[in-house]
Amino acid sequence: QVQLVESGGGSVQTGGSLRLSCAGSGYTYNTDCLGWFRQAPGKGREGVALYDRDSSTTYADFVSGRFTIALDKAKDTLYLQMNMLKPEDTAMYYCAGRKSGYCLWQTRVYDYWGQGTQVTVSS
């Protein structure tokens with residue numbers, strides 16, 4: 001069983017930056033799809049960024065060039081660099097992995113989830 005641990009969340013003002021990390025033994029080596037999702041209070045979980053086995057990356061429309069997903073295979077760590085943060089980015093951010101299959105936005109297809117790291121952006 002893969003255990004994922006997110007870190008790097010915090011409170012920032014509008015326009016600030018944060019880098020989230022997701023670590024787990026074997027996570028980056030044994031997963032076809034790596035991704036970041038988020039859930040704001042009272043809303044459902046939504047996809048933020050995906051990293052597929054062919055190294056292709058996909059971002060949600062609301063990212064608008066502000067975020068970058070990257071991985072470090074040697075450290076079994078997935079990153080999400082977030083710049084120009086907005087209040088609407090406030091949410092609990094989760095990393096996830098789909099062991100076998102193409103990247104999809106649907107949360108139900110993912111096998112591994114972290115416990116989340118809180119991101120709060122004040123205006």
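Refer to the preceding data block for the structure.
A brief report on the enclosed structure follows.

What counts as what
Starting afresh in each chain, residues are numbered from 1 along the sequence in its written order. Given that this is a predicted model, residues contribute local features only at a pLDDT of at least 70 and side-chain atom pairs are listed and counted only at 80 or more, while totals for whole chains, interfaces and linings are drawn from all residues. Excluding hydrogens and water, the side-chain values take into account all heavy atoms of the structure. When DSSP locates at least two bridges between a pair of strands, those strands are taken to pair. To qualify as a helix, a DSSP run of H or I must reach at least 4 residues; to qualify as a strand, a run of E must reach at least 2; elements of each kind are numbered from the N terminus. Only the stretch in contact is used when a helix axis is fitted, and all axes are lines through C-alpha atoms; the angle between N-to-C directions ranges over 0 to 180 degrees.

Before going further, it helps to spend a moment on the sheet that holds strand S3 (residues 18-23). Spatially, four strands are ordered S1-S3-S8-S7 in an open sheet, and the strand pairing comes out antiparallel. The open sheet is flanked by strand S1 (5-7) and strand S7 (67-72), the only strands paired with a single partner. Put simply, the sheet's adjacent strands are angled 15 degrees from each other on average, direction ignored. As paired elements, S1 and S3 share three bridges and run antiparallel to each other. When the sheet's bridge partners are listed, Glu 6 is paired in S3 with Cys 22.

Glycine aside, the phi torsion of most residues is negative, and most peptide linkages are trans. Residues other than glycine seldom take positive phi values, yet Ser 64 does so here, at roughly 50 degrees. Positive phi, close to 50 degrees, is recorded for Asp 76, a residue that is not glycine. In this structure, Asp 76 sits in the loop between S7 and strand S8 (77-82).

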